[in-house]
Structure formats: structure tokens, C-alpha cells
Amino acid sequence: MSSSAGLRERKKVETRQAVHEAALRLTLEHGFENVTVEAIADAANISRRTFSNYFAGKEDALLYGDEQTLHTLVQRVREQPAGLAAWPALRGALDGLFDEHGDGDRELHRRTRLALRHPSLLARQLASRFRLESELSLAVAERDQPDDVSPEMVTAAFLAGLHVATQWWCAEHASRPLRELIHEALDQIDRPFG
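Predicted model, so just to flag it, every value in this text is computed and none were measured.

Rules of the game
- Residues numbered from 1 in each chain as written.
- Predicted model: local features only at pLDDT ≥ 70, side-chain atom pairs only at ≥ 80, totals over all residues.
- Heavy atoms only, no water.
- Salt bridge = Lys/Arg side-chain N within 4 Å of Asp/Glu carboxyl O.
- Helix = DSSP H or I, 4+ residues; strand = E, 2+ residues; numbered from the N terminus.
- Buried < 20%, exposed > 50% of the residue type's maximum accessible area, 1.4 Å probe, protein only.
- Phe/Tyr/Trp six-rings, centres within 6.5 Å; stacked < 30°, edge-to-face > 60°.
- Lys NZ or Arg CZ within 6 Å of the ring centre and 35° of its normal.
- Core = buried A, V, L, I, M, F, W, Y, C linked by side-chain atoms within 4.5 Å.
- Contact = heavy atoms within 4.5 Å.

Student: Sorry, what's going on with the pattern of salt bridges here?
Tutor: Between side chains of opposite charge, a pair can form when the charged atoms approach closely. Counting across every chain of the model gives 15 salt bridges. For R78, the salt bridge goes to E142, with nearest N and O atoms at 3.3 Å. Residue R78 is located in helix α5 (residues 64-79), and its partner E142 is located in the loop between α8 (119-141) and α9 (151-171); the two are separated by 64 residues in the primary sequence. R78 sits in the partly exposed class, given a relative accessible area of 40%. A salt bridge links E184 to R176, with the nearest nitrogen and oxygen atoms 3.1 Å apart. Taking the relative accessible area as the measure of exposure, E184 reaches 31% and is therefore partly exposed. Using a relative accessible area of 25% as the deciding quantity, one classes R176 as partly exposed.

So this is what it looks like as C-alpha cells:
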């Protein structure tokens, strides 16, 4: 029974990833405003109804990679060594993600640039990040904080550093590694939390 449940879950993950990749490819080929949910479903070889089981709209399908990365970051913060304070745990978790996935991929660059150009994508990205910020704050709350600084402020400062670094990265057309830019941004706000 558990092996069939495991297979079913893997197939769901694979389908979700296939839909995401189809959404990204079609958007890059035809432009965001010219891509429909039906076209994405066709490209992913699923029905429109199946698409709706996985995503609320094309924005969600397109930004799925961002959401997965942020969920993984929350998990990695919780996996950091016990006794490590919040700020070093956040930075360690992020470095672990870079070690696993590289220094910022072209897909992330494309998704970010698309979100900056399309208000509906940017709104969906911000809503998703707001939800995940709450989860990250809960993970941060499990760790020691600087005196008189709430977990939400530590999380907000960290995410602001990521946001600014990603803006730099897009403005520079990914000429420097994202990891380098993130370290630069976080170093600027490191003193109160480090």
C-alpha cells in the first residue's frame, strides 16, 4: 500500500514539474499574455481539468519553481545544526541550497524577469512569498534571536537581502553569480544578526 502511495506522490510531483516546465517554455516562446492554460495543459500532455487539480492558473504554474525553492529553504533552516542562531542558520541553509542547485540558474533569471514585467505574475509571486515568509518565520523562531529582534524581523531582513540581490542580478543580466550578490547584500545587513 505504501509503495503505491509513494508512486502516486512521485507521479504528482512529476506532473507538476512537467506543467511548470511547459508553462515556462511556452511563455518564453510566445509571451506571457499569449499563453493560455489550455496551451500549457496540451504541452504537458494533460487535460484542462487535470491542470486545475495542480494549479489555480498559469501564474501559479509558471512560478512553481520559486515556491519549491522557498519550501526547501524552510526545510533546510530546520535541518541546520542545533544551537546555531537564526541568522547563521538562514545563511547556512541558503548556502546549502546553492551547493545543491548551483549559483542561480537561467530558469530563475527568466522567471524573475517575467515577474518584473507582468503585474499579475508579480502579484502572485508576492502572495506566495508572503505565505512562505510566515513558514520561514516559524522556523526562525525555533532558533536564538538577537536581543529585542523578533523572528519576523530576522526573516524580513533576510528576505529583503535576497530580494535586493535578485534585483541586482536581473539588472546586471546575470553577469555575476547570484550567490555572490546575495552574500554581498546579506553582508550589508549582517551586523545586527550575525
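Student: In this structure, what is going on with the packing of aromatic side chains? I would like to understand it.
Tutor: Each aromatic ring pair is summarised here by two numbers: the centre-to-centre distance and the angle between the ring planes. Scanning the model with the defined rule gives three aromatic pairs in all. Ring geometry for W87 and F158: centres 5.9 Å apart, planes at 90 degrees, overall edge-to-face. Placement of W87 in helix α6 (residues 86-101) and of F158 in helix α9 is noted, with a sequence separation of 71 residues between them. The pair formed by W87 and F158 is uniform in burial state, with each residue classed as buried. Members of the aromatic cluster, joined through ring pairs, are F51, F55 and Y64. If you follow R16 out to its NZ or CZ, it ends over the ring of F55, 5.3 Å from the centre. Across the ring face of F32, the terminal group of K58 is positioned such that the distance to the ring centre comes to 4.2 Å.

Student: Mind showing me how you'd approach the nonpolar core here?
Tutor: Across soluble globular proteins, you tend to see nonpolar side chains buried next to one another. Formed by 25 residues in total, the largest nonpolar core has its most connected members in L73, L90, L94, F158 and I182. Among the elements of the structure, α5, α6, α8, α9 and α10 (178-188) are those that each provide at least two residues to this core. The greatest single-element share of this core, amounting to seven residues, is contributed by α6. In this structure, L94 is in contact with L73, F158, L162, I182 and L186, ignoring residues within four places of it in sequence.

Any functional reading would require information beyond the geometric quantities listed.
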